[in-house]
Amino acid sequence: MSYRKGSKVWVEEKGEGWLEAEVVDAKERAVVVLTSQRKKISVLPEKLLPRDTDEDLGGGHVDDMTKLTYLNEPGVLYNLKRRYALNEIYTYTGSILIAVNPFTRLPHLYNEYMMEQYKGVRLGDLSPHVFAVADASYRAMVNDSRSQSILVSGESGAGKTETTKLIMRYLTYVGGRAVLDDRSVEQQVLESNPLLEAFGNAKTIRNDNSSRFGKFVEIQFDKTGRISGAAIRTYLLERSRVVQINDPERNFHCFYQLCASGKDAELYKLGHASTFHYLNQSKTYELEGTNNEDEYWKTKRAMDIVGISRSDQDAIFRTLAAILHLGNIEFSPGKESDSSKIKDSTSNFHLQMTATLLMCDPDLLVSSLCSRSIHTNEGIIIKALDCAAAVANRDTLAKTVYARLFDWLVENINKSIGQDVDSKAQIGVLDIYGFESFKHNSFEQFCINFANEKLQQHFNEHVFKMEQEEYKSEKINWSYIEFIDNQDMLDLIEKVVSLRYLLVYMFPKSTHVTFATKMFRNLSSHPRLEKTKFSETDFSISHYAGKVTYQTDSFLEKNRDYIVAEHCNLLSSSRCPLLSGLFTSLPEESVRSSYKFSSVASRFKVSCSVDSVYFRSLKSDICLIFHLQQLQALMETLSSTEPHYVRCVKPNSVNRPQLFENQSVLHQLRCGGVLEAVRISLAGYPTRRTYAEFVDRFGVLVPELMLGSYDERALTESVLEKMKLDNFQLGRTKVFLRAGQIAILDVRRAEVLDNAARRIQGRFRTFIARKEFVKTKEASISVQAYCRGCFARKMYKIMRETAAAIILQKHVRRLIVQRNYQEACSAALLIQSCIRGFIARRYFSTIREQKAALVIQSFWRKRKVAMLFQHYKRATIAIQCAWRQKLARKELRKLRMTANEAGALREAKNKLEKKLDDLTLRLTLERRIRAAGEETKLVEISKRDKIIETLSAECAAAKSSARSEHDKNLLLQRQLDDSLGEIAMLRSNKILKAEEEKQNSNLKNIVKSLSEKNSLLENELSTARKSSDDTMEKLKDVEGKCTHLQQNLVKLQEKLTNLENENHVLRNKAFNISPKTVSEKFSASIGLPNSEQKHIFETPTPTKHLAPIPHSTGTRRQKLPVERHEGNHEILSRCIKENLGFKDGKPVAACIIYKCLLHWRAFESERTAIFDHVIEAINDVLKAKEADGRLPYWLSNTSALLCLLQKNLRSNGFFGTPSHRSNGSLGLGGRTGQLVGRGDTLAQVDARYPAILFKQQLTACVEKIFGQLRDNLKKEISPLLSVCIQAPKSTRAQPGKASKSPGAGAQQPSNSHWDNIVNFLNLLMDTLRENYVPSFFIRKLITQLFSFINIQLFNSLLLRRECCTFSNGEYVKAGLSLLEKWITDVTEEFAGTSWHELNYIRQAVGFLVIHQKRKKTLEEISQDLCPSLSIRQIYRICSMYWDDKYNTQGISNEVVSAMREMVNKDTANLVSNSFLLDDDLSIPFSTEDLSMAIPATDYADVELPECLHLHPSVQFLLKVS
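Now for a description of the structure that goes with this document. Bear in mind the structure is a predicted one, so any value in this text is a computation, not a measurement. (Residues numbered from 1 in each chain as written. Predicted model: local features only at pLDDT ≥ 70, side-chain atom pairs only at ≥ 80, totals over all residues. Heavy atoms only, no water.)

## A closer look at the overall build of the protein
Looking only at helices and strands, one finds 46 helices and 28 strands in the protein. Here the protein holds 1521 residues, and 48% of them are scored as buried. The long-range fraction of contacts in the protein, counting pairs at least 24 apart against all pairs at least 6 apart in sequence, stands at 74%. Summing over all exposed atoms, the protein offers an accessible surface of approximately 75900 Å²; the carbon and sulfur share of this is 54%. (Helix = DSSP H or I, 4+ residues; strand = E, 2+ residues; numbered from the N terminus. Buried < 20%, exposed > 50% of the residue type's maximum accessible area, 1.4 Å probe, protein only. Contact = heavy atoms within 4.5 Å. Areas by Shrake-Rupley, 256 points an atom, 1.4 Å probe, with all protein chains shown as cover.)

Encoded structure:
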């Protein structure tokens, strides 16, 4: 492929794997690129891979990597990296799910709401998720009645176990159990995990808790799709790890746990792990962050949960201890050359301990280790074993015992979980270790990689099958596409295995050198086998995941496990029941576990191309025979099921969140077969685009065909033919391109766009140049005009200055003469005025002194009279204050006496309570609540007393301050009198010594000072007056507060009286009915638990002494039972069952029922069942099939009846006879006329206990009807909303584009789905208005309905990436504008705050459709654009948004990074950090809201319907009318 300047490419780099780059210079043999690290590199064109030029648009990532423009290795890698940075950890590759471990908690992805979202949804419709794969497998099992399997693979730490848990959790959610069980399947399987991890997991180089076996969790289902059982199957246990490990790895965890168990370890004579040969081959004994002793007790608890008895647990740990002691037995040469014996006393001690722990004969154990019996025709020959053979025999025994013990544990776990032998369909979840490649790879890695090659072949077949199915669905020719498999690799491995057994069993003296030599001689021509350069015995095999070098040093010896009859005889003779049960028969006849399938060994078929003789010799090698058997059984199981694949990826080696290591992920993608799947796709048609997408991208290549309407398929074919491309395929809905063809199209498209850009740039530069020229020309003309103007202004200025100088000279001369004249005149006038002023001032001072004396005299007389008046006024005020104080104290004493009376009443109540000890538990509870109410009232009274005392203290303080002010005023008055006396004395002295001028001047000074002093005293006096006035105002406020407190006290007394009345009703009822009957009646009638009923029906005990109940004739008539009106039940039933309609907006049924109950005195009866009959009849109507259509009708009726009860019933009838009882002499018609005939002033009825209970039952009924109506509306509108948010692209007219397909005229308009919602709302409003539902209920109902619309639209927007687009935002915004218009039309009376309920979806959609998002800061987004949305919700929208209309970029990377940091910080603090909204299911009103919001109903003018005229029970209504 040729590259041009500006092309975007991928360049390979050792550290990062691949780097983004751009071509800066293209030569013939080399291409110079500029990498993202700003480095220039010269590389060959063959080493570059094309990169999508539009990858930054649409969020820079795709949720299905088959949608990548260039399906190559760096494209897959960086797509995962970008999604991982946005916490999008799941990605599809076709039907394969790739899960990247986030190393942090993401609970919002796995809650029950999310599982409900993925339930029944087709794979790919929602964002990638492990629930989608689990649901696809479950639906396929239910629909096709075929077993399914989910293969979860990945390296250690990639999250396989957690993914398996999530899959089981989802299957438990959708399947459940057919039989009720305390624990789910997921819980039961997880409870066994600690046990399997202890015995099957070990530390490896890459993971401290690596599973060294394959686990296949099989969940079994019955015919109805319910979970009926489960089983755990294990495969390919790494048995050789028991006897040989490499540093720094560890043996299985259970051994280290047992050594650290304390007393249990001492019981088995175990020490530190370093003292045992099977454990000290590696120096790693402890794991960071793990305590072996704690893990030991967790393992024992898991055994208890699984159901393993204490004796069996003891046998298990004794067997483990015996294996450790067995490994410490050493051998030395015996008497004969080829014999052996126990080496020393230490080895003998371990031998004795092994025999003791295994409960077998020590001599028989020595014999089975140091010798072997050979069966011949002549008899049995005992052959001694040398030291090396004895060691191998010992290791074989240890591995055999451990393997059978592990199988026994799995069998018991399956028994505890419970299997269904009759299950017809299963879903299996496979968790198995992946491909391994280390520095040193031995026979274990060879076997593991062989198993992974087998699984990869199965995976390749599945991928190719998926490709074929898509090709078939699109009806394209695919027969010539070659299938890429790894059969040649499997053949090579099988030949290596055959060669190994030829050498081991036909040439026992062969070594690994012999094996390597023969292998290279016979298989050197195989392309996948290579000989290493620096070793004669090592060899390399090119696996699908890469090249692996194997060391053959221990290929022949390491896994030579023999089935020794002596071992079976030894252990079958053990006195331990568990151990002897493991060896009841020979291994080739053994059954691995009690599965419902046949045993693994019996199903084993030879897949290797090995001679039967060689295969018969395989039976003596336990390791490989079990490996091949189990691998074959696993492959048969997988082949019989429909597979689904989940590839888990570990993003980094340090287990840190938000860290993505490219090389590590690339290696895992290769090992997981993801890149192999890409290679298979490349063999066919890797690039596939819908016709609409292809035309949107490459329509610019044929602009002449884009005019008017066109057929997208024909246009696509025209584009490809114009580009002269061959070997493409046109399917039904997609175009399929071969590898490299999309790059050719992109190059041509880039050229077209570049030419268009150059043309636009040329025109734009021309426009700019012309604009600059015109601007310069206009500027030069302006400069010339300005210069000419400046010259003219300068000449004019000179002429003007000359004329002004002449004028100035004239005026200056005139001013000088005028100034001299004015100075002479002013001097003369000044002298005259000074003389005249001196004379006038002397005369004026004489007159002023005389007037001042007169003023002082008059002021003193006036002041004296005023002071006398003020003295009388203050005395009057003081008397009034004293009198009011006396009255206030008298009122205070009355209040205190009232409080003392309350204390006396409390003492009387306590005496009465002591007499009622024989009452039942209900009366005791009522008494406690009454006591609590009494204490509350006492506290309120004491608070009132304290307030009165405080106000009294304030009053006293105000009076004392007034007295002090009065004293100050008297003192000031005395000082004023003294000053006036001094003034008089000075005046007399002035008359006597008038002639003395010096004394006169002194007297004037004294008078001045005294006058100033007098003014100061006057100011102080006015201040004192003001303070006195303030004190009076305070006293008035105190008097007002006292009056208010008295009024409050009166109200409290009235309230106390009402409580006493209701309490007496309940108390009287309790005397007549047993508490048990009452509580049962409460529960049955209202449907609430007894604990809730106590708060509803119980009232506090009154503090006053209960008045005696009058026993008059009217009272006896009142207590007569109403059961004699059983015939009246029929008329009530007809009123309830039949639709009586409305009259003048009033519900007829509610009014008739209320009139009947009022006439029959049901509200005043002590005992009656008529209320229960009414409630039961209403409930029966609501349970009927057609009840949903009558819910508005009954909401209107029940609410009207409830309002009548609330406004017309009272509960104080025991403390006086009712007002309408006084006219007892009136006839029946007259009495009913009084009660029914008044519409304006409705008489309140004294209600008894059943009436109070009926009112509360009716309240619950109203809430039930409202909730049922609301839930029905939500169910009906849900499918309409799902269509709106998921409206297909064909039904959305793209803004700015005309419909270009020929059939566009037949399509629905873009807002047709929203019109359906508006029509639904209009129909709802019409129905509610027809049934005269109060506007209060309509407002609450519409508000909650719009809240549900907001929740559904917003959650769907956050769950579907195809909805977070610019065009979809415009589509939803247009729909919301229709809803806004509807809300405006129905007015606020009915809509209420419905528009505000749509805040979340409005702000989210507003954010989608704004332009220049890249310029928006985090503050602008969170505070201005989306103030209601949380940072987590905004981050979700930003990560999923892509502009499908203008192909503009989204939010800047800096803002996204800042939001991601905030989200990660909040994740640890939030209990539930879900970004989804929860639906509100509460009832949005209370009984008090109903009484205040709904107006009273005048039932007087509601007439009896004609259909009820003939009924005798309602004839009284006809008489009244």
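## Here's the deal with the pairing of strand β3 (residues 31-35)
Successive residues of a regular strand alternate their side chains across the two faces of the sheet. Counted residue by residue, β3 has five buried out of five residues, so it is predominantly covered. Side chains V31, V33 and T35 project from β3 onto one buried face, and the interleaved V32 and L34 project onto a second face that is buried too. Across five bridges, strand β2 (residues 17-26) lies against β3 in antiparallel orientation. Bridging from a neighbouring strand, A26 pairs with V31 of β3. Hairpin connection of β2 to β3: four residues between the antiparallel strands. Bridging between β3 and strand β4 (residues 40-43) involves four bridges; their strand directions are antiparallel. What sits directly across from V31, in β4, is V43. Linking two consecutive strands that pair antiparallel, namely β3 and β4, is a turn of four residues; a positive phi of about 65° is found at R38 within it. (Pairing = 2+ DSSP bridges.)

## Comments concerning empty space enclosed by the protein
Quantified by volume, the largest cavity comes out at close to 280 Å³. Taken together, 24 residues line the largest cavity, and the ones lying closest to its centre are S153, G154, G434, C671 and G672. Elements supplying a minimum of two residues to the lining of the largest cavity: β8 (148-153), α14 (443-474), β21 (642-649) and α21 (662-671). Of the residues in the lining of the largest cavity, the class split is 13 nonpolar, eight polar and three charged. (1 Å grid on protein atoms, 1.4 Å probe; cavity = no way out; pocket = protein on both sides within 12 Å on 5 of 7 lines; lining within 4 Å. Points joined across faces, edges and corners; volume = space filled by probe spheres on them. Nonpolar A, V, L, I, M, F, W, Y, C, P; charged D, E, K, R; others polar.)

## Section: the pattern of salt bridges
Under the counting rule described, the total for this entry stands at 25 salt bridges. A salt bridge links K203 to D208, with the shortest nitrogen-to-oxygen separation between them at 3.0 Å. Under the relative-accessibility criterion, K203 is labelled buried at 12%. Each of the salt bridges in this network shares a partner with another, and the network as a whole consists of R212, E238, R241 and E249. (Salt bridge = Lys/Arg side-chain N within 4 Å of Asp/Glu carboxyl O.)

## Quick notes on the environment of P45
Within the fold, P45 resides in the loop between β4 and β5 (48-50). Residue P45 is classed as buried on the basis of its relative accessible area of 17%. Along the backbone, P45 and R29 are 16 residues apart, and their C-alpha atoms lie at a distance of 7.4 Å.

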